[in-house]
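Report on the structure
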Amino acid sequence: MSLQMISVILGSLTIASGLMVVLSKHPIRSVIYLVITFFFISAMYILMNAQFLAIVNMIVYAGAIMVLFLFVLMLLNLNKEMEPETTRMSLFTAVIAGGTLFLVMITALRDTFQYGKGYVQVPVQDAGLVEQLGKLLFSKYLVPFEISSILFIAAMVGAVLLAKREKQIID
Amino acid sequence: MEQLNNIGASLDFYIFVSIALFSIGAIGVLTRKNMIVLLMCIELMLNAVNLLLVTFSTFFGNGEAQIFVFFIVVVAAAEATIGLSILIMAYRNSKSIDIEMFNKLNG
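Fair warning: this is a prediction, and the values are worked out from it, not measured in the lab. Throughout this document, residue positions are counted from 1 along each chain, in the order its sequence is written. Labels are handed out in written order, letters beginning with A for the chains and numbers beginning with 1 for the ligands. Reporting of local features is limited, given that this is a predicted model, to residues whose pLDDT is at least 70; pairs of side-chain atoms are given and counted only at 80 or more, and all residues count toward the totals for whole chains, interfaces and linings. Heavy atoms throughout the structure, all of them, feed into the side-chain values; hydrogens and water do not.

A separate point is the environment of Thr107 of chain A. Residue and element names in this part refer to chain A. Put simply, DSSP H or I for four residues or longer makes a helix, DSSP E for two residues or longer makes a strand, and each gets a number counted from the N terminus. Within the secondary structure, Thr107 is located in helix α4 (residues 88-108). Think of it in three bands: with a 1.4 Å probe and only protein chains considered, a residue is buried below 20% of the maximum accessible area for its type, exposed above 50%, and partly exposed in between. Under the relative-accessibility criterion, Thr107 is labelled partly exposed at 45%. Sequence-wise, Thr107 and Gly11 are 96 residues apart; in three dimensions their C-alpha atoms are separated by 20 Å.

In structure tokens, the structure reads:
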């Protein structure tokens, strides 16, 4: 089995599971398919020699964010009657809009396709390894890195404040 | 002579996959009424962008795009937290996770 075959299978599986996220009726199935999609994307990162991001994608997305989604789903205790209906008209317009978006982006990026004719070999580089990324992150991108911690604190405080049960003092 | 690394598929294949994922996410945002699925479709779109950034980073041998992917992951985590807590608050007030519920907020 060649690498080309592996990547084609990975790509089609990614698109298929991404479609299932949108198509499946039950939200929990959507979450599971989204986790599967993230694992396939991580496999693509490994194929492209971006090992650090593959691990980060698995830990942060499939591990943390999706568990958060699952927790909220279980907490809300939804049943089948509460699933909102999609009208046929909105489905029709959305598919047309999405298809047009797809075509426009493919057309816009058509010029880049000439670089990647057929089977591709890229120069060996270690840009995606932890050492290189760490050097970049802690020298050139140190200030955005520190600011992102402030963003996290703001998000944490905001989430606690928003989800806190308010006392019923209004009579 | 420069050493070459085989990464399986060509640039246009990866671009095609990420554009397809982004369009699927956009269709999901437009069609689904369930707020949780809507947030998940946004995550799908963010991941499509990440895939495109990593692809170009690999093909042009520049690691800076992967730093941007790192920051996108950070922002996505914060966004998911806030979105889900707003969702819980809305559910507590209206006992519904229909996005149409926000139509009542015309102020």
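Residues and elements named next belong to chain A. A patch is a set of surface residues, each over 30% in relative accessible area and not in a salt bridge, joined within 9 Å for like charges and within 5 Å for the nonpolar side chains Val, Leu, Ile, Met, Phe, Trp and Tyr. Areas reported as accessible are Shrake-Rupley estimates using a 1.4 Å probe. Residue values count occlusion only from the protein chains shown. Think of a salt bridge as a Lys or Arg side-chain nitrogen and an Asp or Glu carboxyl oxygen that are within 4 Å of each other. Where nonpolar side chains cluster on the molecular surface, the patch consists of Phe138, Leu142, Val143, Ile147 and Ile150 and spans about 490 Å² of accessible area. By the element assignment, Ile150 lies in helix α6 (residues 142-163). What makes Ile150 exposed here is its relative accessible area of 56%.

Our next topic: α6 of chain A. In a regular helix each residue adds 1.5 Å, so 22 residues correspond to 32 Å; α6 of chain A covers 32 Å between its end C-alpha atoms and thus fits that length. Residues Ser148, Ala155, Gly158 and Ala159 of chain A constitute the buried set of α6 of chain A. Down the axis of α6 of chain A, the buried set is contained in an arc of 100°. They therefore lie on one face. Those residues of α6 of chain A that are exposed and aimed more than 90 degrees away from the buried face are Val143, Ile150, Ile153, Met156, Val160 and Leu161 of chain A. Should any heavy atoms of two residues lie within 4.5 Å, those residues are considered in contact. Those residues of α6 of chain A hidden inside the fold are in contact with α3 (64-94) of chain B. Any helix carries an expected span of 1.5 Å times its number of residues minus one. Directions from the helix axis toward the C-beta atoms define the arc.

Turning to the packing of α6 of chain A against α3 of chain B, a few remarks are in order. With their axes 9 Å apart at the nearest point, α6 of chain A and α3 of chain B run at an angle of 10° to one another. Taken together, the axes of α6 of chain A and α3 of chain B lie roughly parallel to each other. Together, Pro144, Phe145, Ser148, Leu151, Phe152, Ala155, Gly158, Ala159, Leu162 and Ala163 of chain A of α6 of chain A and Phe70, Phe71, Val74, Val75, Ala77, Ala78, Thr81, Ile82, Ser85, Ile86, Met89 and Arg92 of chain B of α3 of chain B make up the contact between the two elements. Amino acids are sorted into nonpolar (Ala, Val, Leu, Ile, Met, Phe, Trp, Tyr, Cys and Pro), charged (Asp, Glu, Lys and Arg) and polar (every other residue, Gly among them). Its residues assigned to classes, the contact of α6 of chain A with α3 of chain B shows 17 nonpolar, 4 polar and 1 charged. For every element, the axis is a line fit to its C-alpha atoms; helices are fit only across the contacting stretch, and the angle between N-to-C directions ranges from 0 to 180 degrees. Put simply, angles under 35 degrees are roughly parallel, angles over 145 are roughly antiparallel, angles from 65 to 115 are roughly perpendicular, and the rest are oblique.

This next bit is on the nonpolar core. Think of a nonpolar core as a cluster: buried Ala, Val, Leu, Ile, Met, Phe, Trp, Tyr and Cys residues, connected wherever their side-chain atoms sit within 4.5 Å. Core analysis: the largest hydrophobic core is formed by 59 residues, its most contacted members being Tyr45, Met66 and Phe69 of chain A together with Tyr14, Ile36 and Leu87 of chain B. Contributing elements (two or more residues each) for this core: α1 (3-23), α2 (27-47) and α3 (51-76) of chain A together with α1 (11-31), α2 (35-60) and α3 of chain B. One finds Leu133 and Leu136 of chain A together with Ile67 and Phe71 of chain B within the second-largest nonpolar core, a separate group that totals 7 residues.

This brings us to the packing of aromatic side chains. Any Phe, Tyr or Trp ring, taking Trp's six-membered ring, that has another such ring centre within 6.5 Å forms a pair; planes under 30 degrees apart are called stacked, those over 60 apart edge-to-face, and the others tilted. Per the stated rule, a full pass over the model turns up 8 aromatic pairs over all chains. Taking 5.9 Å as the distance between ring centres and 70° as the angle between the ring planes, the aromatic pair formed by Phe70 of chain B and Phe71 of chain B counts as edge-to-face. Of the residues examined, Phe70 of chain B reaches a relative accessible area of 16% and is grouped as buried. Among the aromatic residues, ring-to-ring pairing joins Phe52, Phe138 and Phe145 of chain A together with Phe70 and Phe71 of chain B into one connected group.

This paragraph deals with unusual backbone geometry. The phi dihedral of Asn49 of chain A falls on the positive side, at around 65°, and the residue is not glycine. The residue Asn49 of chain A is located in the loop between α2 and α3 in this model. In this model, Lys95 of chain B sits at a positive phi of 55°, which is unusual for a non-glycine residue. With respect to the element layout, Lys95 of chain B can be found in the segment after α3.

A separate point is the domain arrangement of chain A. Note that domain bounds follow an automatic or database assignment of domains. Structurally, chain A comprises domain 1 (1-78), domain 2 (87-127) and domain 3 (141-171). Between domain 1 of chain A and domain 3 of chain A, the C-alpha centre-to-centre distance is 27 Å.

It is worth spelling out the environment of His26 of chain A at this point. Inspection of the secondary structure puts His26 of chain A in the loop between α1 and α2. Sequence separation between His26 of chain A and Glu83 of chain A is 57 residues; the distance between their C-alpha atoms is 8.1 Å.

Here a cavity means grid points, on a 1 Å grid over the protein atoms only, where a 1.4 Å probe fits yet cannot get out; a pocket means an open set of points with protein on both sides within 12 Å along at least five of seven lines; lining residues are those with an atom within 4 Å of a point. Grid points are joined across faces, edges and corners, and a volume is the space filled by probe spheres set on the points. Its boundaries defined by the atoms lining it, the largest pocket holds a volume of some 620 Å³. Elements with a minimum of two residues in the lining of the largest pocket: α1, α2, α3 and α4 of chain A together with α1 of chain B. When grouped by side-chain class, the residues that make up the lining of the largest pocket number 15 nonpolar, 7 polar and 5 charged. Split by domain, the residues of the lining of the largest pocket number at least three in each of domain 1 (1-78) and domain 2 (87-127) of chain A.

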